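# Inside the fold
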Amino acid sequence: MPSPALDTRSSTAPSAPPPRPANRAARLPDLPEVRWAALSAVAFLSAFPLDLAGAPAWTWGPLYALCYAAGGWEPGWAGLRALREKTLDVDLLMVVAAIGAAAIGQYLDGGLLVVIFAVSGALEAVATRRTADSVRGLLDLAPARAVRLTGGGGEAVDAEETVDVTELAVGDTVLVRPGERLPADGSVLHGASDVDQATITGEPLPVAKAPGDQVFAGTLNGTGALRVRVEADAAGSVIARIVAMVEEAGATKAPTQLFIEKIEQRYSVGVVAATLALLAVPLALGADFTETLLRAMTFMIVASPCAVVLATMPPLLSAIANAGRHGVLVKSAVVMERLGEVNRVALDKTGTLTEGAPRVTEVHGLSLDAAEALALAAAAEHPSEHPLARAVVAAARERGLEPAPTEEFASEPGRGVRAVVRGREVRVGSPAALLSGGCPAVDAAERNGHTAVVVLVDGEPAGVLAVADRLRAGAPEAVAALRRLTGTTPVLLTGDNEPAARHIADESGITELRAGLLPEDKAAAVRAWERAGERVLVVGDGVNDAPALAAAHSSMAMGRSGSDLALETADAVVVRDELTTVPAVVALSRRARRLVVQNLVIAGVCIAVLVVWDLAGRLPLPLGVAGHEGSTVLVGLNGLRLLRESAWRKAASPGPDRPSRRPAPGAPDRTDGPDRPSGSGSAPGAPDGSAGPDRPSGSGSAPGAPDGSAAPATPTTPERPAGPATPDPPAASSRS
């Protein structure tokens, strides 16, 4: 509970402003693309059995017409608009092919083609809308209204007024009560509290804030009241910049996509030109119209890219289904293909490599034995809502120690708790607040990257608890497998402090880390690697990871601990938070890519043979359709091999796999340069390799150096939008 000295509100103070209503996610029927695709699919599924059973044409003909109209009008209209801009795309070509198939009596083939394209467009619309809803929901982390103080923000406050956050200006003073979210970026003028800023920095524990410390909009205030000086308007806050970076990265087309669009345009023009030539030239020479039209439509069908598209989809969709059965949801076939291209992996710490919840790892008894010290600490912490308190209570119960009743409980932000347990005064808190001298047990815990919690009983040190975020099961194995797959050691990117990050890196086998990073620093590191030709896979879970997830070549989010924005931004989701599935999916993607190449060769040869036959001879339409569909069935069956359980076992096996790129002969290992120790490097903003002015040395290499070194050819810090100055690296927990 807040200290009375810090809670200066009067009895007439206005009540807390109501929270901003969350954006309601769009339902599937709300999207017109989904409604049209559903109508087209229902009409096709109704007509298909009637057509197959030989029913009269009047029973299935109108249903096919409805299927064509519902599923084809939107891509057809889009294709016509593209024609007005002097471009031609595959959507229009498919509509023309479907109409051509219907013109020669192949209603089933044309209807299936229309349904496939309509459903594909609907799925794309759903993914786009959900991502947009999630990005807008991120802004809801910051409250819509704030309590602005008039009178300078000192201890004596003249008045309070509730205003919209958009009305706050740089220099204003706002009051943030316990349990409220901060409305703006700024610095603390008065008060002390614990602030949960995991959404920004990814730190697993709340951070103690005192006058002079920087705070961020959207972070959650703890048990103390704070007066904060606003240092950035709503558009310049860190949370707003995260949203801007995610939207910017999502709107940027990958080079591969641009290349595909160029190929699509040329192929479409070529097929249309060839079809028109096959129709016009023979007619000009006096050929029979029906026979010429039949030949041209046969060419349109056998030259259709559907066979090539289906040649690529079965392996990728089979890999997606197999990965889904084992707890990894890959969002599209494009994502599955791109996962196999990665040659650099960046991992978040809290919630990704670790479980994201503090646990008591060691108990050191001093004046009391370890069990008694832990029991008294758990009793004192039991009424507290602090994450460390929950960890202490859980540790006691795991050892069969039930917390005793307490009296006179009090919580002091930044210092800890005090309570009377069975007539004894018990204090639990940070060493800096409770100890006047050094303590070997505290020093040992902090050297190991743990948070030290001191227990005083009647004023005497009774014990020291070492608290840490526990490494996920299988993390070292996953790191080793990713190293084998990519040929490079994964990099740890975290907003946490360097000692804690180093401890987790050592436990998981990671040799390069970058600590104390804000979300834009993580994204800058990823962009620097991408500019250097790397294909980066980012694995994260928090809102603070979203810009890096969006900027990466491929990205994966942890499903159980992941934020909504991370889950929507990432290309794939690890549903059960099993890290060992990450390298397994990468290996499965590479096998799928090899099958895609096989299928493209089969499909290409079949299309070439059928086209040459139609042009050089006389290809009967039934034989052309049979050859075209037969090649599709063949490549489909080949791709379905990845549905087997043995395909996943092979992908998940620890055996070696070919890395996507190996270092050049004689080149030094990029993870540990010969001139600097592993994991060291320049802090963000320090291109000369020294610690930046606002960060300690040794916190990781600069984001601008993709090889981990300070390279002058690559900028180390990107230009940032106007906003508050970069804060100091995250401090240790308020209870450490």
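In this text, all values refer to a predicted model and were calculated from it rather than measured experimentally.

## With respect to the overall build of the protein chain
A tally of helices and strands in the protein chain yields 23 helices and 22 strands. Scored against the burial criterion, the 736 residues of the protein chain give a buried share of 50%. Restricting the contact set of the protein chain to residue pairs at least 6 apart, pairs at least 24 apart contribute 69%. Carbon and sulfur atoms provide 60% of the accessible area of the protein chain, an area that totals close to 31,800 Å².

## Concerning the sheet that holds strand β20 (residues 536-540)
Reading across from one edge, β10-β22-β21-β20-β11-β18-β19 is the order of the seven strands in this open sheet, with mixed pairing throughout. On the outer flanks of this sheet lie β10 (328-330) and β19 (512-514), each paired with one strand and no other. When the angles between neighbouring strand axes are averaged without regard to direction, this sheet yields 20°. Sheet strands in contact with helix α18 (residues 519-531) are β11 (344-347), β18 (491-493), β19 and β20, and its direction is about 160° off that of β20.

## Some remarks on the nonpolar core
V330, L353, L537 and M556 are the most contacted members of the largest nonpolar core, which has 47 residues in total. Take this core: its biggest share by element is nine residues, from helix α21 (residues 581-616). Residues in contact with L353, not counting those within four places in the same chain, are L347, D348, L471, R472, A475, V479, L492, I504, S508, I510 and L579.

## With respect to the pattern of salt bridges
What the rule picks out here adds up to 20 salt bridges. With a shortest N-O distance of 3.2 Å, R470 and E355 are connected by a salt bridge. Taken together, the positions of R470 in strand β17 (residues 460-471) and E355 in strand β12 (residues 354-365) put the pair 115 residues apart, joining distant regions of the chain. Here D545 makes a salt bridge to K522, at a shortest N to O gap of 2.7 Å. Taken together, the residues D545 in the loop between β20 and α19 (546-551) and K522 in helix α18 connect sequence positions 23 residues apart.

## Notes on helix α17 (residues 498-508)
Of the residues making up α17, those classed as buried are A500, A501, R502, H503, I504, A505 and S508. On the buried face of α17, the contacting elements are α11 (349-353), β12, β17, α16 (475-486), β18 and β19. Phi turns positive one or two residues past the end of α17, at G509, with a value near 90°.

## Re the packing of aromatic side chains
Taken as a whole and judged by the stated rule, the model has six aromatic pairs. Both rings, one in W60 and one in Y64, keep their centres 5.7 Å apart while their planes meet at 75°; by these two values the pair is edge-to-face. Of this pair, W60 and Y64 both sit in helix α2 (residues 57-84), four residues apart, which is roughly one turn of that helix. Assessed through its relative accessible area of 12%, W60 is described here as buried.

## Quick word on the environment of V207
Tracing the chain through its elements places V207 in strand β6 (residues 207-209). For V207, a relative accessible area of 3% puts it in the buried group. Separated by 14 residues in the primary sequence, V207 and S193 have C-alpha atoms spaced 8.2 Å apart.

## Observations concerning the pairing of strand β5 (residues 193-196)
Summarising the sheet, β5 and β6 pair through three bridges and their orientation is antiparallel. By the bridge assignment, V195 is partnered in β6 with V207. Across two bridges, β5 lies against strand β8 (residues 220-221) in antiparallel orientation. Bridge pairing links D196 to L220 in β8.

## Digging into the side chain of R591
Of note, R591 is situated in helix α21. Here R591 is in contact with R641, L642, R644, A647 and K650, once residues within four sequence places are set aside.

## Quick notes on a nonpolar patch on the surface
A surface patch of nonpolar side chains, amounting to about 660 Å² of accessible area, comprises W36, L39, L66, W73, W77, L80 and L83. For the nonpolar patch, the elements supplying multiple residues, two or more each, are α1 (32-52) and α2. Among the elements that line the nonpolar patch, the one with the most residues is α2, at five residues. For L83, the location among the structural elements is in helix α2. Classification of L83 by relative accessible area gives partly exposed; the value is 41%.

## Concerning the confidence of the model for the protein chain
Taken as a whole, the protein chain shows an average pLDDT of 74; of its residues, 72% reach a score of 70 or greater. Taken element by element, the protein chain is modelled with least confidence in helix α6 (residues 238-251), mean pLDDT 58, and with most confidence in β11, mean pLDDT 94. The model gives residues 1-25 a pLDDT under 50, and that stretch makes 34 contacts with residues more than four places away or in other chains. Across residues 661-736, confidence stays below pLDDT 50; counting only partners more than four residues off in sequence or on other chains, it has 178 contacts.

## Here we look at the sheet that holds strand β15 (residues 424-429)
Read across the open sheet, the six strands follow the order β12-β17-β16-β15-β14-β13; overall the sheet is antiparallel. Of all strands in the sheet, those bounded by a partner on one side alone are β12 and β13 (407-412). The mean inter-strand angle of the sheet, taken between neighbouring strand axes irrespective of direction, is 20°. Across four bridges, the pairing between β13 and strand β14 (residues 416-421) is antiparallel. Note on β14: the bridge partner recorded for E407 is V420.

## Some remarks on the packing of α16 against α21
Packing of α16 against α21 leaves a shortest axis separation of 8 Å and a crossing angle of 25°. With respect to α21, the axis of α16 lies roughly parallel. At the point where α16 passes α21, the crossing takes the left-handed sense. Within the contact between the two elements, α16 uses A478, A481, L482, L485 and T486 and α21 uses V582, P583, V586, A587 and R590.

## What to know about the packing of helix α12 (residues 370-381) against helix α13 (residues 387-398)
At a closest axis distance of 8 Å, the pairing of α12 and α13 adopts a crossing angle of 135°. Taken together, the axes of α12 and α13 are oblique relative to one another. The handedness of the crossing between α12 and α13 comes out as left-handed. Residue-level inspection shows L374, A377, A378 and E381 of α12 in contact with α13, the latter providing A389, V392, V393, A395 and A396. Of the residues that constitute the contact of α12 with α13, the class distribution is eight nonpolar, no polar and one charged.

Thresholds, definitions, all that
Starting afresh in each chain, residues are numbered from 1 along the sequence in its written order. Totals for whole chains, interfaces and linings use all residues, but because this is a predicted model, local features are given only for residues with pLDDT of at least 70 and pairs of side-chain atoms are given and counted only at 80 or more. Each side-chain value is derived from all of the structure's non-hydrogen atoms; neither hydrogens nor water enter the calculation. By the criteria applied, helices consist of DSSP H or I runs no shorter than four residues and strands consist of E runs no shorter than two, each listed in order from the N terminus. Burial classes follow relative accessibility: with a 1.4 Å probe on protein chains only, a residue under 20% of its type's maximum area counts as buried, one over 50% as exposed, and anything between as partly exposed. In what follows, a contact means two residues having at least one pair of non-hydrogen atoms within 4.5 Å. Surface exposure here means Shrake-Rupley accessible area, sampled with a 1.4 Å probe, where a residue is shielded only by the protein chains that are shown. Note on pairing: two strands pair once DSSP finds at least 2 bridges between them. In this analysis, axes come from line fits to C-alpha atoms, helices being fitted only over the stretch in contact, and the angle between any two N-to-C directions falls in the range 0 to 180 degrees. Within this scheme, the nonpolar core is defined by two criteria: the residues are buried Ala, Val, Leu, Ile, Met, Phe, Trp, Tyr or Cys, and they are joined through side-chain atoms within 4.5 Å. Any Lys or Arg side-chain nitrogen found within 4 Å of a carboxyl oxygen on Asp or Glu counts as a salt bridge. Here a Phe, Tyr or Trp ring, Trp counted by its six-membered ring, pairs with any other such ring whose centre lies within 6.5 Å, and the pair is stacked when the planes are under 30 degrees apart, edge-to-face when over 60, and tilted otherwise. Only residues whose relative accessible area exceeds 30% and that form no salt bridge are eligible for patches; like-charged ones are grouped when within 9 Å, while nonpolar side chains (Val, Leu, Ile, Met, Phe, Trp, Tyr) are grouped when within 5 Å. Per-residue confidence from the predictor is reported as pLDDT, which spans 0 to 100. The cut-offs work like this: below 35 degrees is roughly parallel, past 145 is roughly antiparallel, 65 to 115 is roughly perpendicular, and the gaps in between are oblique. Definitions for this section: a left-handed crossing has its near helix turned counterclockwise from the far helix by less than a right angle. A right-handed crossing has that turn clockwise. Residue type decides the class: Asp, Glu, Lys and Arg count as charged, Ala, Val, Leu, Ile, Met, Phe, Trp, Tyr, Cys and Pro as nonpolar, and the leftover types, Gly among them, as polar.

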